[in-house]
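Take a look at the letters that make up each chain.
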Amino acid sequence: MKKALLNKTTFLFIFSILLTLSGFAQTTFTVGDLNYQVNDDGVSVTVTSSVGGQGATGELNIPESVSYEGNDYAVTAIGDNAFLYGFFTGELNIPNSITTIGDGAFAYCCCFTGDLIIPSSVTSIGYGAFQICYGFTGNLTIPNSVVSIGDFAFNSCDGMTGTLSIPSSVTSLGPDTFSYTAFSGITVDPENSVFDSRGNCNAIIATSTNELITGCQSTIIPNTVTTIGYDAFKGCMGLTTIDIPDSVTSIGADAFAFCYGLTGDLTIPNSVTTIGPGAFFYCSSLDGTLTIGESVTFIGDYAFRNCSGVTEAVSLAVTPPELGSEPGWDCVVFEYFGTPILTVPYGCASAYQSSAWYDPMGLNGFYEFIEDEDDDVTEIEGIASAVYPNPTHGVVRIEAEDIRSISIYGISGQKVFEGAASGDAFEYDFGKHEAGIYMIVVETAKSIETKRVTVL
């Protein structure tokens, strides 16, 4: 029995040593205001957190090395979420010993100021490492040692200014890395083999695919770009106009979402076939004409939602593009759009009227389709020309040429009347209905039009 017990004890002792040597039992300790963990090499440490946790305040000073129980350790990494939600003040100085900045290392740290200089020892910057660190008020410097920058790494660092320079060493870059920033320009080192900023375009382009990954307020999209990528200009501060060249065939999801400063007209060229979900979501300052090219076959959910300032809309596609509803999305492509009237190619009004583009309320689509004759935007003869009196207490008269049918909807979309008609006039009594706004859909021999009537 004693021999068996000794063997078991010896086994457990040896097993614990093996665990320690293999890295399963790693030493952690605290020096000053920071917590550390010894790395597998036994001679370096990772900063894991602040003693103050997520409520830590004051200045943050990360040393190049620390001593603990007679051992000296080089500080080589900042761990995942190490300083998440901190309230640190002043400039952030990262020592030259650091090689890795982990995922979310400084995410949501609200109060850093000044420039952010990544030291030349760093090779990787993790996912969301500085996400929503909106306090920085200067330049971002990325050295020629950095190989990879994770998605969302500098997302919403909107206080950063100046030119963003991508060195030749960077070969991996997330698509949403620099969303919601205010850089005045972008350059990519000409020696970079993966990305470029061809023709001084002030953008980051994937060289092998010609996809524009990141733009800024001064970007001029080159006519060699074929794809505007996911989140490429999302939340771009200072972007007021954009010209999309005929080389572009697809616009990615959220590509221009939350570009509040975009104004004027927006033209989707005839080369584009797909417009991704949320592509222009909340571009609420667009105040001109939206023209959708003739080759567009699909427009994703939320693509033009909250483009409330648009005054005129034109689709050049003969076949109404599909308005998608992908898993996890709602089909609200044109919800809160600026106009409920859409100009379409000659002879195509009925096709649009019977598609998902039609909404009798004009709340998420269009209730009136005007056909374009000979490239001049003119209203077709023979559609409803008069609905009066409006507002009304009772009977309204609808006048048009060769009326075929009348449908009437309440503001919530419920149909309150539908009937065949003939001739050039039709009367309907609203006296039995509650006060509110109603839509009258008038189908004639040539087209369909929707009129809005207010019942008092």
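Residues numbered from 1 in each chain as written. Predicted model: local features only at pLDDT ≥ 70, side-chain atom pairs only at ≥ 80, totals over all residues. Heavy atoms only, no water.

Secondary structure summary: the protein chain contains 2 helices and 36 strands in total. Within the protein chain, the fraction of its 456 residues that count as buried is 52%. Counting only contacts in the protein chain whose residues sit at least 6 apart along the sequence, the fraction spanning at least 24 positions is 52%. When the accessible surface of the protein chain is totalled, it reaches about 20200 Å², and 52% of it is carbon and sulfur. (Helix = DSSP H or I, 4+ residues; strand = E, 2+ residues; numbered from the N terminus. Buried < 20%, exposed > 50% of the residue type's maximum accessible area, 1.4 Å probe, protein only. Contact = heavy atoms within 4.5 Å. Areas by Shrake-Rupley, 256 points an atom, 1.4 Å probe, with all protein chains shown as cover.)

This next bit is on the packing of aromatic side chains. Two aromatic rings, taken as a pair, are described by how far apart their centres are and by the angle between their planes. Counted by the stated rule, this structure contains 38 aromatic pairs. For the ring pair Phe83 and Phe88, a centre distance of 5.7 Å and an interplane angle of 85° mean the geometry is edge-to-face. Its relative accessible area of 3% is what places Phe88 among the buried residues. Ring plane angle 50° and centroid distance 4.9 Å describe the contact between Phe417 and Tyr428, whose orientation is recorded as tilted. Taken together, the residues span a long stretch of sequence, with Phe417 in strand S33 (residues 415–420) and Tyr428 in strand S34 (residues 425–429) at a distance of 11 residues. Residue Tyr428 is classed as buried on the basis of its relative accessible area of 6%. Each residue in the set Phe233, Phe256, Phe280, Phe304, Phe334, Phe337, Tyr352, Trp357, Tyr358, Phe366 and Phe369 is aromatic and connected to the rest through ring pairs, giving one cluster. (Phe/Tyr/Trp six-rings, centres within 6.5 Å; stacked < 30°, edge-to-face > 60°.)

Looking at where Ala232 falls in the secondary structure, it is placed in the loop between strand S19 (227–228) and strand S20 (250–251). Look past the residues within four positions of Ala232 in its chain and what remains in contact with it is Leu212, Ile213, Thr214, Gly215 and Ala255.

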